[in-house]
Amino acid sequence: SGFVSKIYLEWAGYSAEEPTIDAIYEVADPLNPLNLNWRAGANRIMIVFSDEIAQSYRIIPINTQQAGMIAATAGMKVFIFTTQSSTLSYRPIDTLSGGKLLDLDMDELHMEEELDNIINDCH
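Caption draft 1: Focus on the overall build of the protein chain. A count of helices and strands for the protein chain gives five helices and three strands. Residue burial in the protein chain is summarised as follows: out of 123 residues, 38% are buried. In the protein chain, 67% of the contacts between residues at least 6 apart in sequence involve partners at least 24 apart. In the form shown here, the protein chain has an accessible surface area of approximately 7,400 Å², with 54% of it arising from carbon and sulfur atoms.

In structure tokens:
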């Protein structure tokens, strides 16, 4: 969406850097620095697409353990589509949050099926 694109462009300074750890942390942060409004009783999920390793660009970087813990505390499941070579860099975000790591390189029909499964599991 335009909102997510805006966040990335601001964080990454219009570069190829992808501050995915920061994005996950900010969305789950109970201080709500992004002023997000979750509907009462909503199933909180975040779906990330990245062909880069997990990255943080804060002055004091956030690690995947911190991002996974804050997501778990917020009750937000994080599903991450990434390349096989980047998969391990996202652990333990998926396991702590109850989400899943998925292969960004899978064929588009399989990816669509995985997205349908994520959405259907929220009902």
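On we go from here.
Caption draft 2: Just helix 3 (residues 64-74), in detail. Every buried residue of helix 3 is listed here: Thr 64, Ala 67, Gly 68, Ile 70 and Ala 71. Looking down the long axis of helix 3, one finds its buried residues gathered within 165° of arc, a one-sided arrangement. The inward-facing, buried residues of helix 3 abut helix 2 (20-28), strand 2 (76-82) and helix 4 (93-97). Where helix 3 begins, one side-chain oxygen reaches toward the backbone nitrogen of Gln 65, 3.0 Å away; that side chain belongs to Asn 63. Downstream of helix 3 by one or two residues, Gly 75 has phi in the positive range, about 70°.

Caption draft 3: Broad picture of the nonpolar core. Counting 20 residues, the largest nonpolar core has Ile 24, Met 46, Met 76, Val 78, Ile 80 and Ile 93 as the members making the most contacts within it. Counting residues per element, the ones that place at least two in this core are helix 2, strand 1 (44-50), helix 3 and strand 2. Per-element accounting of this core gives the leading share, six residues, to helix 2. With near-sequence residues (within four places) excluded, Ile 80 lies in contact with Ile 24, Val 48, Tyr 90, Ile 93, Lys 100, Leu 101 and Leu 102.

Caption draft 4: Quick peek at the confidence of the model for the protein chain. Taken as a whole, the protein chain shows an average pLDDT of 87; of its residues, 87% reach a score of 70 or greater. Predicted confidence for residues 1-9 stays below pLDDT 50, and this span has nine contacts to residues more than four positions away or in other chains.

Caption draft 5: Broad picture of the packing of helix 2 against helix 3. Packing of helix 2 against helix 3 leaves a shortest axis separation of 9 Å and a crossing angle of 25°. Between helix 2 and helix 3, the angle falls in the class roughly parallel. Both helix 2 and helix 3 take part in a crossing whose hand is left-handed. Residues Ile 21, Ile 24, Tyr 25 and Ala 28 of helix 2 form the contact with helix 3, whose own contacting residues are Thr 64, Gln 66, Ala 67, Ile 70, Ala 71 and Ala 74.

Cut-offs used in this document
- Once a new chain begins, its residue numbering starts again from 1 and follows that chain's sequence as written.
- For a predicted model such as this one, the threshold for reporting local features is a pLDDT of at least 70, and the threshold for listing and counting side-chain atom pairs is 80 or more; totals across whole chains, interfaces and linings nevertheless cover every residue.
- Each side-chain value is derived from all of the structure's non-hydrogen atoms; neither hydrogens nor water enter the calculation.
- By definition, any uninterrupted DSSP run of H or I lasting at least four residues is a helix, any uninterrupted run of E lasting at least two residues is a strand, and each is numbered from the N terminus.
- Partly exposed residues are those whose accessible area sits between 20% and 50% of the maximum for their type, while under 20% is buried and over 50% is exposed, using a 1.4 Å probe and protein chains only.
- Should any heavy atoms of two residues lie within 4.5 Å, those residues are considered in contact.
- The method behind every accessible area is Shrake-Rupley, applied with a 1.4 Å probe, and residues are considered shielded solely by the protein chains displayed.
- Read the arc as the range of directions from the helix axis to the C-beta atoms.
- By the criterion applied in these results, polar contacts are pairs of N or O atoms within 3.5 Å in which, for protein atoms, one can donate a hydrogen and the other can accept it, and in which residues neighboring in sequence qualify only through two side-chain atoms.
- Take the buried residues of types Ala, Val, Leu, Ile, Met, Phe, Trp, Tyr and Cys, join any two whose side-chain atoms come within 4.5 Å, and each joined set is a nonpolar core.
- pLDDT measures how confident the predictor is about each residue, on a scale from 0 to 100.
- Inter-axis angles, ranging from 0 to 180 degrees, are taken between N-to-C directions of lines fitted to C-alpha atoms, where helices are fitted over the stretch in contact.
- Roughly parallel here means an angle under 35 degrees, roughly antiparallel means over 145, roughly perpendicular means 65 to 115, and every remaining angle is called oblique.
- Left-handed describes a crossing whose near helix is turned anticlockwise from the far helix through less than a right angle; right-handed describes the clockwise counterpart.

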